[in-house]
Each structure stands twice: as structure tokens, then as C-alpha cells.
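Per-entry structural report
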Amino acid sequence: MTDKYAVIGNPIGHTKSPLIHGLFAKETKQDMNYTAIEGPLEPENAFEDTVRAFAAGGGKGINITAPFKLKAFAMADERSERATLAGAANALKFANGRTFAENFDGIGLLRDIEVNIGLPLQGKRVLVLGAGGAVRGALLPFLAAQPAELVIVNRNLCKAQDLVSEVGSKGPLRALGYGELEPMGQFDLVVNATSASLTGDLPPVPPSVFSPEGTAYELAYGKKLTPFLRLARNAGVQGIADGVGMLVEQAAEAFEWWRGVRPQTRAIIDQLTVPFD
């Protein structure tokens, strides 16, 4: 019998997940079907009811995208450490009548940076812009990579400080406001995890944080050269990248979690990458 998987979000028409998982299944010869579900926003429990109905109908696992990651986390019976720190789940697995929650956003981002881009974070200075769910999911994988320093900067400094207080014991983690960045010097990796690029805006980051030999990474993807990446390029940064690699890598992590086999990712990343201007 063909196993059933899906992605749920609202809106969902833009999703690349069925294409990605379909290619994964073909490559690894897995008998599975993967669909997209537009999740209901109302009433309050409609999302949970939809997910439980999918599981009751034979669904084995489901990816979660905006705006349901918090609800997916809340409805799970068991949660991984990564999901617990993020307070959000981007994948659920159904087995033995229980729902398991994971968050692969951070590990997918780290794998794209270290494996695909070729930038091991050990001993590097890393700057992350933003303190939202994507950053929460990335902190444990990033700290496990043993950077020399990991700095989180956010408009709301208290939000960044709260993150540091939660996981600061696991590595060299600091929280700063944007106004404190100027004297910090250059970073080997600068990650834009704010929502600014979705609206064509630029976070107030000074060009002095960029190293010409370093990498600027934009979590948004398919946007060509965002204001953040343009700032980095104008600062002389040679390595710029967007989040399409993270998208594919986190999908591969979920696929392996569900199916026990890890698919190849390079060809799919190349297929989905939009050339920069």
C-alpha cells in the first residue's frame, strides 16, 4: 500500500514540497504519495482536526509551514529538543497512535552552509539577524558546530536576550542591538533571518560586519538579489546565498526521519535555484 505524506499551510499554492519529496521518493524508490493541504484558519481547532483526520486516514507524516508551526508543536505527544527550543514543529510523524514533533529548519540551514556552500562553522564568527522561530530552530545546530562566537542581533533586544538565557550555556552566544554592531568588526557568516526581505526592506545592519572572504546568507529564497544580499555584495562579499538549499536540506532530513533513507539533494537545489541579478 502506498504511504501517504503531505505538507500543510495557508496559503499553500507556492509550496515546492510535493515536487521535492516526489523527486526524493523516485530517487530512493519509496512507495509514497505526497500532497499539499491548505489548512483551515478557523475555527480554532480546525488545524488540529485536519491533521488528525489525515493521520486517521493512513497518513504517515506531514510537513508544517506557516502559519501552523506553533499549533503543530502544541498538538504533539512527543517533541524533540530542537522543536522544544524553537517552540515550533515543521514536521510531524504518526506512529502507534502517537504524534511526534521535530524541527529540521536549523539542521537544514547548517547542512546547506557547511556541506553545500563549504563553510564549516567551527572557529568562525557568526552573526544572525533576527530572533524569531527560524533563529530559535537554528541555535542548537549552530552551537553544536562550535563557532568561535555566535551573535544574535534583533530590534527587540529583550527577545534576543531571552534566547541567550535559554541556551547560552551550550556555547559562546551573545545578544546585541543593531546599534551595538558597528564596533564588532567583521563576521565570517552573516545570516538574515528577519522578515525584511519578504517586504523588500533591509534590516539596519552596518556594512562593516561583512567580510569580503565571508558569506552572506539570506533565508528567503526565490527573490533574486534581496536588499540584504545587495548590501553584502556592495560590501565586497564574494559568497552570497539564499535559502533554497535550506529548503531542500530540511526536506531531506524529514524524509530520512520518515523513511529511514537519506536522498541526494544537490541536483534538486540546482534545479530550484534562481540566479542572482
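These numbers come from a predicted model, not from an experiment.

As annotated by UniProt and renumbered to match this structure, "binding site: shikimate" (unreviewed entry) occupies Thr15, Lys16, Ser17, Thr65, Asn90, Asp105, Tyr221 and Gln250. Checking the named residues against the largest pocket, the ones that line it are Thr15, Lys16, Ser17, Thr65, Asn90, Asp105, Tyr221 and Gln250. Within the element layout of this structure, Tyr221 appears in the loop between strand E11 (210–218) and helix H8 (227–234). If you trace the backbone, Gln250 turns up in helix H9 (residues 244–259). Exposure remark for Gln250: the relative accessible area of 9% places this residue in the buried category.

A few words now on the nonpolar core. Leu121, Leu139, Phe142 and Tyr217 are the most contacted members of the largest nonpolar core, which totals 31 residues. Of all the elements in the fold, those that place two or more residues in this core are helix H5 (105–116), strand E7 (125–129), helix H6 (133–144), strand E8 (149–153), helix H7 (157–167), strand E9 (173–176) and strand E10 (187–192). In terms of residue count, H6 provides more of this core than any other element does, six residues in total. Sequence-distant contacts of Phe142, defined by excluding residues within four places in its chain, comprise Leu109, Leu110, Ile113, Leu121, Val126, Val128, Pro147, Leu150 and Val191.

Here the focus is unusual backbone geometry. The step from Asn10 to Pro11 runs through a cis peptide bond, and the omega angle for that step is 0°. The topology assignment puts Pro11 in the loop between strand E1 (3–9) and helix H1 (17–28). Residue Pro43 is reached from Glu42 by a cis peptide bond, and omega for that bond is -5°. By the secondary structure assignment, Pro43 is in the loop between strand E2 (32–38) and helix H2 (46–56). We note that Lys29 has phi near 60°; this positive angle belongs to a residue other than glycine. Its location among the elements puts Lys29 in the loop between H1 and E2. Of note, the phi angle at Asn96 is positive, near 55°, even though the residue is not glycine.

Basis of the calculations
Residues numbered from 1 in each chain as written. Predicted model: local features only at pLDDT ≥ 70, side-chain atom pairs only at ≥ 80, totals over all residues. Heavy atoms only, no water. UniProt positions renumbered as here; feature names shortened; annotations may be inferred. 1 Å grid on protein atoms, 1.4 Å probe; cavity = no way out; pocket = protein on both sides within 12 Å on 5 of 7 lines; lining within 4 Å. Helix = DSSP H or I, 4+ residues; strand = E, 2+ residues; numbered from the N terminus. Buried < 20%, exposed > 50% of the residue type's maximum accessible area, 1.4 Å probe, protein only. Core = buried A, V, L, I, M, F, W, Y, C linked by side-chain atoms within 4.5 Å. Contact = heavy atoms within 4.5 Å.

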